[in-house]
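Per-entry structural report
Each chain, letter by letter, is given below.
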Amino acid sequence: MKPLETGDPTSLGDGRYRLVGRLGQGGMGVVYLGRSQSGRAVAVKVVRPELSTEPGFKRRFADEVAAARRVGGFHTAPVVDADPDGDPAWLVTAFVPGPTLQAVLARVGSLPLDTLTVLAAGLAEALEAIHRAGVIHRDLKPANIIVAEDGPRVIDFGIARALDGTSLTQTGLQVGTPGFLAPEQLTGGGAVTPAVDMFALGVVLTQAAGGTPFGDGPSAARHYKVVYEEPDLTAVPGELREAIAACLSKDPAARPTPAAFLDALTVRHPDGGSWLPEAATQLLPPPEPAVRPTTPDSPSETAPDLPAPDLPVPDAAPPAVAEPRTEQSRTVTGPAARLSPTPVPAQVPQVPQSQPVSGKSRRRRAVVAALLVTSLAAGGLFVWQPWKDSARDNAKPPATTPTGSAPTPAAFPADPLLIRQDTAPGWPGTCHSVIARRDAAAEKPVQLIAGGAGACDTLPQWSPDRRSFAFTRTTSEGTAVWTANADGSNARRITSVAGGRVSWSPDGSRLAVLRNKDGVQQLFVVGVADGTTRQLTSGRGPVEDPAWSPDGKSIAVCLQTEPENWQIHVVDPADPNRAPQQVTRLPHPALDPVWSPDGTTFAYTAGTYGTGTQGDIRLVAADGSADRELVATGAHEMDPAWSADGTWVAFVRGPYEKPVIWAARADKTGERTLTTGAAAEGHPSWR
């Protein structure tokens, strides 16, 4: 949960609901965590002001809210209050603490049969209640399903129809999510009926079983398969395959009703009480502490923080990560717990990730020096010069070195630096990031990739020939690795990933990526041209931060050596069965390894966010010897990146919410800040 921002309301409903923080933001509006007068937690959705001017929107919204309020049942988060005529309009739903199904699948990969049957039955009961009230959800997907301790909950039902006919649906607000749309929604050749929800249910359950019913390629190819080809259900357990196949029928009339689908199920309740596997149970929030109601007469009292709630918003801008840690980034798993949450989409819960969620989302910083520069500039005492040497390196190096004197300091690299640029505040809880390029002679970065509404683009990595780059994109459909030409053109999706950083092979033909297998984040290699994948690790612990060596013979990764402690290891891609070789042996985490261009040295992040010096940049020989400090201050540093000639290292400094990019020579001289504007920047890549 994020704090309220300037301009946010503090209460609604004549004081009936006090708003205490932001849960997320999407195309429909902003979702807040609220408290009723008795102290009960609620989710409050405030509609975007511009929607109220759309012809007929308020009437449709009122009709849909009225229908949604009739929805009951055990497996929904019901609407409990609303003011469709308000300025702005708003509605309140019951708050369900727990991660989204999207986050759970990112962590565990696929669900066991017993859990699948409980999920299927719960979702069918929810759809039965929704349809009985005369509502069609039209946007059923893992991000709109909350995984609670006692079963799934469907949220955001009955709202999408209110957007029909608005001009905003032609300018980025979409009714429904690609990947979950039925054939008749894609072709426009039939009426939208409750059968579209059953089609989406079939897709959701197939994904929960670890499958992709219509492939994992570009959207256009998947849409073609939805309309013309039969689904791939090989991942679905045999006893569920027939029922799910019926949901995915091309003919809406051939799809079962929720009641008929329920009748076809044999629900298996797992032993031990919980319906979830252990890895998913770990994502559930702890019980909320008792809350003493507050009144306007006691403004100094504030409700205690809730466990980080995960209430997705349709079409919300993602996490992390998933890692989206997001290097968050990562998108969200193991290391996330150790350093920070993955950016993940607003729908993605902030769990030990990062995560993920899977992956390790962590990052970002605000730098006092940036404030000093601003103050000096305002007073006319500072003239900006792109990436000028700091006070630590205030003398321009001589053009020649006299005999017997110290060697000439390495010049600052002229190579462009790829970065993640935040176009609005909110990281890592809410992602508004694009891929940009910083040129040494320019003050402002050049935006290369902007994924559009709801897309979170992070972790760019130059290809070896620098003609293209890879990056991680998280949307409501999940997290995937994409590539684009050096100028940002020809962006294309390669394959789905768990989140986190990717790394190119030296010949540029393959990428080292992270994917979930049997509930564990593992290292895979994927072909850039054809998307073929090969699994390299199969241990019981998750893998993080792949980095391919310059000679192609090794891939560095981070593995857990004990709880909350990650160390750098080296994997042999030619011999996956060979045990990983440990490089670092620190009492605290070692993360983000990057090889020097000559392959002799790692730069890496050492430490834990919020503890001690929080995070430092260190260097270590590839054999584990000569481990030494490069940058260590009281501020948090992370995400090192070598220059192409190996003489400089870029890194990120500051809190996760306001990262700033810095650089220093590998000999510890010349430290300077590279970020020049107010926008936060992170995830530097020089080579």
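Residues numbered from 1 in each chain as written. Predicted model: local features only at pLDDT ≥ 70, side-chain atom pairs only at ≥ 80, totals over all residues. Heavy atoms only, no water.

The name given to the chain in an unreviewed UniProt entry is Protein kinase, and the organism recorded there is Streptomyces erythrochromogenes.

**Here we look at the sheet that holds strand 2 (residues 17-25)**
Sheets are built from strands paired through backbone hydrogen bonds, the pairs being either parallel or antiparallel. As a reminder of what qualifies: Two strands qualify as a pair provided DSSP detects at least 2 bridges between them. Secondary structure elements are taken from DSSP: a helix is a run of H or I of four residues or more, a strand is a run of E of two residues or more, and numbering for both begins at the N terminus. Should any heavy atoms of two residues lie within 4.5 Å, those residues are counted as being in contact. For helices, the axis comes from a line fit to the C-alpha atoms of the stretch in contact; other axes are also lines fit to C-alpha atoms, and the angle between any two N-to-C directions lies between 0 and 180 degrees.
Within the open sheet, the 6 strands sit side by side as 1-2-3-4-6-5. Their pairing is antiparallel. The open sheet has two edge strands, strand 1 (11-12) and strand 5 (79-83), and neither has a second partner. With 7 bridges joining them, strand 2 and strand 3 (residues 29-36) adopt antiparallel strand pairing. Note that in strand 3 the partner of arginine 22 across the bridge is tyrosine 32. The sheet strands contacting helix 1 (residues 57-68) are strand 4 (41-47), strand 5 and strand 6 (90-94), and the helix crosses strand 5 at an angle near 160°.

**Details of helix 5 (residues 195-208)**
For clarity, the cut-off: Helix span is expected to be 1.5 Å times the residue number reduced by one. Each residue is assigned to one of three classes by its accessible area relative to the maximum for its type, calculated with a 1.4 Å probe on protein chains only: buried under 20%, partly exposed between the two thresholds, exposed over 50%.
Given a rise of 1.5 Å per residue, 14 residues ought to cover 20 Å, and the 20 Å separating the end C-alpha atoms of helix 5 matches this to within 8%. Of all 14 residues in helix 5, 13 are buried, a share of seventy percent or more.

**Side note on the UniProt feature "binding site: ATP" (unreviewed entry) in the chain**
To keep things clear, this is the line we draw: UniProt positions are given in the numbering used here, feature names are shortened, and annotations may be inferred rather than shown by experiment.
Look at the UniProt record and you will see "binding site: ATP" (unreviewed entry) annotated at Lys45. Here lysine 45 is to be found in strand 4. With a relative accessible area of 6%, lysine 45 lands in the buried category.

**Digging into the sheet that holds strand 28 (residues 637-642)**
Taken in spatial order, the 4 strands make up an open sheet running 28-29-30-31, and their pairing is antiparallel. The open sheet has two edge strands with one neighbour each: strand 28 and strand 31 (672-673). As paired strands, strand 29 (residues 648-653) and strand 30 (residues 660-665) are joined by 6 bridges and run antiparallel to one another. Across the sheet, residue arginine 653 finds its bridge partner in strand 30, namely valine 660.

**Examining unusual backbone geometry**
Omega for the bond connecting aspartate 87 with proline 88 falls within 30 degrees of zero, at 10°, which places this linkage in the cis form. Note on placement: proline 88 falls in the loop between strand 5 and strand 6. With an omega of 0°, the peptide bond running from tryptophan 427 to proline 428 counts as cis. One can find proline 428 in the loop between strand 9 (417-422) and strand 10 (433-438). The backbone of leucine 459 shows a phi angle near 55°, a positive value even though the residue is not glycine.

**Description of the confidence of the model for the chain**
Note the following rule: The predictor attaches a confidence to each residue, and that confidence, scored 0 to 100, is pLDDT.
Taken residue by residue, the chain gives an average pLDDT of 79. The fraction at 70 or more is 78%. This stretch, residues 162-174, has a pLDDT under 50; its non-local contacts, to residues over four places away or in other chains, come to 31 contacts. The low-confidence segment residues 289-404 (pLDDT under 50) makes 509 contacts with residues lying over four places distant or belonging to another chain.

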